[in-house]
Amino acid sequence: MTRRRSFRLQLALRFGITMASGMTLVALIGYLGLRATLDRQIDASLLAVASIQAGSVTDDPGGEMRFYEWDLTIDEIASLGDLNRYAQIWDETGTSLNRSRLLTEDLPLDRGSLVRAAEGELTWTHADWRGQSLRSLYYPLARLGETHAEHILQIAAPLDWRDRTLRSAAVFLAGLTLLFSAGSFAGSWWLADRAVRAVGKITTEAEEIGATTLGRRITAYEETEEYARLVTVLNTMLERLDAAFDAQRRFTADASHELRSPLTALRGELELARRRDRSPEEYRRVIDSALEETVRLTRLVEDLLTLARSDAGAMQARLQATDVADRARTTTGRLRPSPQARSIALNVTASGDTMTDADPELLDRLLWNLLDNAVKFTDAGGQVDVSVSGHSDRVEVVVSDSGPGFPTAARESMFGRFSRAEAAHAPEGTGLGLAIVKAIADAHGAVVVAVNQPSGGARVTVRFPSS
């Protein structure tokens, strides 16, 4: 079973996730930027304090090691809180020479940093000390004079305030991200609902249109730019469906009428024959009449099946190299007894290369319908001409007659089903001949043109693409 997914939910989730991801990225960049800024400030403060402390050591007239904080009381030093910096002086062997008054024990010593500082390099390190993080700077005092050539000053800053600031910032940014994400999901759901609401309205109107109300059209949001094309496409489809349903209704009504007449006649003949005993001649006459109606019904059903196959796309031409002129002569020979009985001249001419790719069986059916239609409309003593000519890009079949031609009112629908002039309503006619010609021509990619000749009579031209 196919699982249905809500477009509204998908749209809201995609938009919300995109916005939430963007906000998370911004928050992460902000957090990392704040941490980098604080670390730079701490490093700058350590370097500044190191310079001051080094100056206080070298500026003492007696050369005694002292720190500037010795001029402050313990309470004054403690009041500095997080701004306070620890200081300690080491020799290059790692022996403590002096330290800040607040220090009751030595700062953590990084031997590697001490060695690099002894070589004249400023070195920063991190360390854990008494349950807190420290950021330390190892400052070589050798740069201040030979007196302190073997002395290294370590300045350390507690990072508690920095860590508290980062935690507060992280909580704030996380809360802001959650709030923004929730707002994004809510906003995207609202936008998705507004977008889907229009589709829902259009769908509702479309669902209200049924087989009996195909004349209705969708009007919801037809003037909205974003949905105008969708509404236009749906209304165009409804117009085609309406036209197809209307044609189907007419076709069904016409087919029912055409089938009713021979069936009624056949039933009447048989019921009349059963009323009393009859002579062999009378039974033979009834059987002949019934056979005539059966032949008519068979032809009509075959024509209907041919058109049904065409509508279903099942009429597939089995193309092979075929001489159209030869097929025209064969078909004319089969039909010739009918026009001869009415003294109608039936002529066939051919010129050029008349070979093309065609389905011989369907081609015979097309030619038969064209010739049968022309003979049927031609008065006794008239003439029907069949011309087959080969050209560089086509093979052309022209069937012309000396009959009355196509009625003006029927020209627009002459290839329609059961579309016939009143003169054509003969017992042997089904009104489907030209419709079948059109269907077979379409299956071959051919073009059919029907016109009236200036001198009188009709002319039907079928142009097959050359092979």
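Residues numbered from 1 in each chain as written. Predicted model: local features only at pLDDT ≥ 70, side-chain atom pairs only at ≥ 80, totals over all residues. Heavy atoms only, no water.

### Observations concerning the overall build of the protein chain
Selection rule: Helix and strand assignments follow DSSP, with helices taken as H or I runs no shorter than four residues and strands as E runs no shorter than two, numbered in order from the N terminus. Contacts are residue-level and defined by heavy atoms, with any inter-residue pair within 4.5 Å sufficient.
Within the protein chain, the secondary structure is distributed over ten helices and twelve strands. Sequence separation of 24 or more characterises 65% of the internal contacts of the protein chain that already satisfy a separation of 6 or more.

### Some details on the side chain of Thr123
Secondary-structure assignment places Thr123 in strand β3 (residues 123-129). In this structure Thr123 touches Ser113, Arg116, Ala117, Ser136, Leu137 and Tyr138, once residues within four positions along its chain are discounted.

### Some words on the confidence of the model for the protein chain
So the rule is basically this: Every residue is assigned a pLDDT by the predictor, reflecting its confidence on a scale from 0 to 100.
Averaged over every residue, the pLDDT of the protein chain is 80; residues scoring 70 or more account for 82%. Across residues 422-427, where pLDDT falls below 50, the model places three contacts with residues more than four positions away in sequence or in other chains.

### Focus on the packing of aromatic side chains
Rules: A pair of Phe, Tyr and Trp rings is counted when the ring centres sit within 6.5 Å of each other, with Trp represented by its six-membered ring. The angle between the planes then sorts it: under 30 degrees is stacked, over 60 is edge-to-face, the rest tilted. Each residue gets one of three labels from its accessible area relative to the maximum for its type: buried under 20%, exposed over 50%, partly exposed in between, using a 1.4 Å probe on protein chains only.
Under the definition given, this model contains one aromatic pair. With centroids separated by 5.6 Å and ring planes inclined at 75°, the aromatic side chains of Tyr86 and Trp129 adopt a geometry described as edge-to-face. Here Trp129 lies in strand β3 and Tyr86 lies in strand β1 (residues 86-91), a separation of 43 residues in the sequence. Relative accessible area serves as the criterion here: at 5%, Trp129 is assigned to the buried category.

### Points about the side chain of Ser184
Tracing the sequence through the fold places Ser184 in helix α4 (residues 160-207). Among the residues examined, Ser184 registers a relative accessible area of 7% and is labelled buried. Filtering out sequence-adjacent residues up to four positions away, Ser184 remains in contact with Phe15, Gly16 and Met19.

### A closer look at the pattern of salt bridges
Put simply, the test is: Put simply, a salt bridge is a Lys or Arg side-chain nitrogen that is within 4 Å of an Asp or Glu carboxyl oxygen.
Scanning the entire structure with this criterion turns up ten salt bridges. Across the salt bridge formed by Asp393 and Arg394, the nearest N and O atoms sit 3.2 Å from each other. Since its relative accessible area comes to 48%, Asp393 is described here as partly exposed.

### What to know about the sheet that holds strand β11 (residues 447-452)
Inclusion rule: Should DSSP find at least two bridges between two strands, the strands are taken to pair. Geometry is summarised by axes, namely lines fitted to C-alpha atoms with helices restricted to the contacting stretch, and by angles between N-to-C directions that run from 0 to 180 degrees.
The five strands lie next to each other as β7-β9-β10-β12-β11, forming an open sheet whose pairing is mixed. Each edge of the open sheet carries a strand with a single partner, namely β7 (345-351) and β11. With direction set aside, neighbouring strand axes in the sheet form an average angle of 10°. Each of β7, β9 (383-390) and β10 (394-401) is contacted by helix α7 (residues 324-335), which is oriented at about 170° to β7, the strand it contacts most.

### Details of a nonpolar patch on the surface
Basically, it comes down to this: Candidates for patches are residues over 30% relative accessible area with no salt bridge; among them, like charges are joined within 9 Å and nonpolar side chains (Val, Leu, Ile, Met, Phe, Trp, Tyr) within 5 Å. The Shrake-Rupley method, run with a 1.4 Å probe, gives the accessible areas here. Residue values count only the displayed protein chains as cover.
The grouping of Leu9, Leu13, Ile17, Phe185 and Trp189 at the surface amounts to a nonpolar patch, some 430 Å² of accessible area in total. With three residues, helix α1 (residues 7-58) is the largest single contributor of residues to the nonpolar patch.

### Quick word on helix α3 (residues 111-118)
As a reminder of what qualifies: Think of the arc as the fan of directions from the helix axis to the C-beta atoms. Polar contacts here mean pairs of N or O atoms no more than 3.5 Å apart (in protein, one a potential hydrogen donor and the other a potential acceptor; neighbouring residues in sequence count only if both atoms are side-chain atoms).
Looking only at α3, the buried set comprises Ser113, Leu114 and Ala117. Along the axis of α3, the buried positions cluster into a sector of 105°, meaning they face one direction only. Here the buried face of α3 lies against β1, β3, β4 (132-140) and β5 (151-158). Between the side-chain oxygen of the N-cap and the backbone nitrogen of Gly112 there are 3.1 Å, and the N-cap of α3 in question is Asp110. Phi turns positive, to about 100°, at Gly120, one or two residues after α3.

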